[in-house]
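# Survey of secondary and tertiary structure
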Amino acid sequence: MGEIGLSVLIALVALVIGVPVGHRVVAGVPPPDGGEPRRAAPGAAALGIGTAVVVAAVTIILHRHPGWLPAYLYLSVVGVWLAAIDVRVHRLPDHLVLPAYPVLVALFGAAALVDDAPVRLLRAVLAGTACWLVFLALHRLPGSGLGRGDVKLVGLLGGALGWLSWPSVVFGMFAGMVLGGVGALVLLAARRVGWHDHLAYGPFLLAGALLAVLAGGG
């Protein structure tokens with residue numbers, strides 16, 4: 001089986017595992033304050049289509065590196081869930097984010113063995129740690145708007161982008177912040193949020209990371 005065939009097989013496995021449970025995972029996360037969700041959970045079909053689009057895009061970009069795909073497709077599937085959850089209840093739940101750390105370490109560790117790429121693995125660890133520390137400092141600034149869940153998320157995203165390159169890390173983090181800023185301005189202009197309302201940054205951070213993978217993963 002060639003690289004393309006193996007990559008397609010890995011993508012299909014990710015979809016078969018991730019799509020059927022996605023709606024239940026997203027709908028099963030309650031708001032942190034015990035109140036009503038801000039939005040209804042996306043339907044199973046809509047969430048499945050969104051997951052399939054992201055998985056297909058990442059697979060097309062990384063098809064020459066099937067050893068990397070399990071890590072990136074795992075993050076793609078979980079990332080779609082996290083984006084939907086954050087929009088719905090403004091929460092990035094620990095039971096999805098924290099287990100992703102050891103899972104990605106294991107998957108990138110396996111990729112490092114397959115590709116004989118210990119430098120990539122080391123860079124991923126350093127990048128994830130650096131991003132976590134930078135966003136932790138931003139989180140502690142008055143009025144930053146970044147939650148603790150955002151800080152935990154960028155550790156994962158920084159590690160995944162660090163596997164690619166340092167420029168991918170910078171691009172992904174910068175893109176996420178820019179998208180978040182633009183999104184906030186659009187919501188303010190549309191009067192969907194006020195100046196003191198909390199904004200769900202998770203989807204923007206995830207979108208920035210996805211753009212970095214699509215730009216730098218080939």
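Details of the structure are given in the entry above.
None of these values were measured; they are calculated from a predicted model.

## Describing the overall build of the chain
Counting secondary structure elements, the chain contains 8 helices and 0 strands. Each helix (α) and strand (β) of the chain, taken in turn from the N terminus, gives the series α-α-α-α-α-α-α-α. In terms of overall dimensions, the chain has C-alpha extents of about 55 × 35 × 30 Å along its principal axes. Expressed as a percentage of the 218 residues in the chain, the buried residues total 43%.

## A word on unusual backbone geometry
One non-glycine residue with positive phi stands out, namely His 90, at about 55°. Tracing the chain through its elements places His 90 in the loop between α3 (69–89) and α4 (94–115). Phi at Asp 116 takes a positive value of approximately 50°, unusual for a residue other than glycine. Secondary-structure assignment places Asp 116 in the loop between α4 and α5 (118–139).

## Focus on α5
An α-helix turns once per 3.6 residues; consequently, residues spaced three or four apart project the same way. With 22 residues, α5 extends 31 Å from end C-alpha to end C-alpha; this agrees with the ideal 32 Å at 1.5 Å per step. Buried within α5 we find Arg 123, Ala 124, Ala 127, Gly 128, Cys 131, Phe 135 and Leu 136. Here the buried face of α5 lies against α6 (148–164), α7 (166–189) and α8 (202–216).

## Focus on the side chain of Ser 76
Among the structural elements, Ser 76 can be located in helix α3. Of the polar contacts made by the side chain of Ser 76, one reaches the backbone oxygen of Tyr 72; its length is 2.7 Å.

Each value, and the rule that gives it
Residues numbered from 1 in each chain as written. Predicted model: local features only at pLDDT ≥ 70, side-chain atom pairs only at ≥ 80, totals over all residues. Heavy atoms only, no water. Helix = DSSP H or I, 4+ residues; strand = E, 2+ residues; numbered from the N terminus. Buried < 20%, exposed > 50% of the residue type's maximum accessible area, 1.4 Å probe, protein only. Expected span 1.5 Å × (residues − 1). Contact = heavy atoms within 4.5 Å. Polar contact = N/O pair within 3.5 Å; in protein donor to acceptor, adjacent residues only side chain to side chain.

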